[in-house]
Amino acid sequence: MASPVQKISVTGIKPTGEPHLGNYIGAIRPALDLASEYQAMYFIADYHALTTLRDPELLRHYTRSVAASWIAAGLDPERTLIYRQSDVPETFELNWVMSCLTGKGLMNRAHAYKAARDRNEEAGRSDLDAGVNMGLFNYPLLMAVDILIMNAEVVPVGKDQVQHVEIAADIAGSFNHVYGAGYRFTVPKPLIPDTDNARTLPGVDGRKMSKSYDNTIPLFIPASKLKKLVRRIPTDSTPVEDPKNADDSSVFQILRQFADEEVVEDTRTRLAAGGVGWGVLKDQLFEILDEQLAPMRERYEALVAPGSELDDILAAGAEKARARAGETLAAVRNAVGI
Ligand code: ADP
Ligand code: TRP
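Each value, and the rule that gives it
- Residues numbered from 1 in each chain as written.
- Chains lettered and ligands numbered in written order.
- Predicted model: local features only at pLDDT ≥ 70, side-chain atom pairs only at ≥ 80, totals over all residues.
- Heavy atoms only, no water.
- UniProt positions renumbered as here; feature names shortened; annotations may be inferred.
- Near = heavy atom within 4 Å.
- Polar contact = N/O pair within 3.5 Å; in protein donor to acceptor, adjacent residues only side chain to side chain.
- Areas by Shrake-Rupley, 256 points an atom, 1.4 Å probe, with all protein chains shown as cover.
- Axes fitted to C-alpha atoms, helices over the stretch in contact; angles between N-to-C directions.
- Helix = DSSP H or I, 4+ residues; strand = E, 2+ residues; numbered from the N terminus.
- Left-handed = near helix turned anticlockwise from the far one by under 90°.
- Contact = heavy atoms within 4.5 Å.
- Nonpolar A, V, L, I, M, F, W, Y, C, P; charged D, E, K, R; others polar.
- 1 Å grid on protein atoms, 1.4 Å probe; cavity = no way out; pocket = protein on both sides within 12 Å on 5 of 7 lines; lining within 4 Å.
- Points joined across faces, edges and corners; volume = space filled by probe spheres on them.
- Expected span 1.5 Å × (residues − 1).
- Bend = angle between axes of the 7 residues up to and from the residue.
- Buried < 20%, exposed > 50% of the residue type's maximum accessible area, 1.4 Å probe, protein only.

The name given to the chain in an unreviewed UniProt entry is Tryptophan--tRNA ligase, and the organism recorded there is Actinoalloteichus hymeniacidonis. The UniProt entry for the chain carries the following text under Sequence similarities (unreviewed entry): "Belongs to the class-I aminoacyl-tRNA synthetase family." Here is the UniProt Catalytic activity (unreviewed entry) comment for the chain, exactly as written: "tRNA(Trp) + L-tryptophan + ATP = L-tryptophyl-tRNA(Trp) + AMP + diphosphate + H(+)".

Right under this line is the structure:
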């Protein structure tokens, strides 16, 4: 663990799909860069995934795959806590206590719930809550508890999750207001990575790479599949001999996140000079990706295999996380009179 003067950060990762290159550049790599500055904790938010994922085998697989991906990508479990949300049952007891302190109106205002209602309205449905389960409605509350039970000071999240961290801060404030004489929660703050559009990767159809568009390049597929997917990235019909503007190309937008600065500049110059076709650029991208991903892929495959070292890592993480959550919960029970 990092030194005690470092701030505690907590981040949850929803296991709803195979991690892809976009997740790596936009979430995994920046989060791992932060891990040295904070006493960082990461957990796989498996109970959160239940709001949408109803295939038990798939949930088990994604949970393992996400944990294995983060470790393969460089998370050091000796220094950084990694655990499954479901291994900390204290979360669900605190969830009840906090639900009794949370106004329903606060949940009504949450973006995801409002967006679901807007979709129903647009579709002309008379029941604006159609298709909304209580898990979706209470999602921000559970997320608040994930954060508060660890007394996190900062929560590294993307812009779309900032409102949830503000809700967590509100709920901590309500608890502290009512029961502050007996126990006080740390009020968390969001930590938003620099807004850098360059870090949003396009997928194999040119739109933003996203599981919801089914256009992803998974991080740890075999080299042959990686090559095929890179070949699918759309390019325009500029003839080989013509000059090309590198930054307009999806292939280059991915390349520049993985290659060294020097290679990026050299590629930009060669494309601008003309004579380099998109096929050559795709081959170069594949080589760069494969060189970086191959060692991680090997580690990933070893970890994701049943009965691997991952089980021990998650068991050790669970033990440490529960110990910390248990202390919070014991203090809360005492403070509220249970
Ligand atoms: P998806 O859109 O595939 O469902 P998530 O919404 O689960 O991805 O995103 C998880 C994290 O990965 C978020 O922090 C998000 O900002 C980041 N991320 C997702 N897609 C991309 C992308 N194409 N480029 C950069 N970052 C991305
Ligand atoms: N809601 C987050 C997402 O959709 C995942 C998450 C769950 C989380 N609990 C959290 C993130 C606690 C930060 C802290 O990406």
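## Overview of the site of ligand 1
As a matter of local geometry, ligand 1 sits amid His20, Gly22, Asn23, Gly26, Ala27, Arg199, Thr200, Leu201, Lys208, Met209, Ser210 and Lys211. Here an oxygen atom of ligand 1 sits 2.7 Å away from a polar atom, N or O, in the side chain of His20. In this structure, Leu201 approaches ligand 1 through a main-chain N or O atom, which is 2.9 Å from a nitrogen atom. In the complex, 71% of the free accessible area of ligand 1, which totals 540 Å², lies under the protein chains.

## Things to note about the packing of helix 3 (residues 56-72) against helix 12 (residues 278-304)
The contact between helix 3 and helix 12 brings their axes to 9 Å, and the two run at 140°. Crossing hand, helix 3 versus helix 12: right-handed. Contacts from Arg64, Ser65, Ala68, Ser69, Ile71 and Ala72 in helix 3 reach Met296, Arg299, Tyr300, Leu303 and Val304 in helix 12. Its residues assigned to classes, the contact of helix 3 with helix 12 shows seven nonpolar, two polar and two charged.

## Concerning empty space enclosed by the protein
As enumerated under the stated definition, the model contains one cavity of 30 Å³ or more in all. For the largest cavity, the calculated volume is near 40 Å³. Class assignment for the residues of the lining of the largest cavity results in five nonpolar, two polar and one charged.

## Focus on helix 7 (residues 134-148)
Taking 1.5 Å per residue, 15 residues should reach 21 Å; helix 7 reaches 21 Å between its end C-alpha atoms and fits that length. Bending of helix 7 peaks at approximately 45° at the position of Pro140. Among the 15 residues in helix 7, 11 count as buried, and that is most of the element. Every buried residue of helix 7 is accounted for by Phe137, Tyr139, Pro140, Leu141, Leu142, Met143, Ala144, Val145, Asp146, Ile147 and Leu148. The N-cap residue of helix 7 is Asn133: its side-chain oxygen and the backbone nitrogen of Gly135 are 3.0 Å apart.

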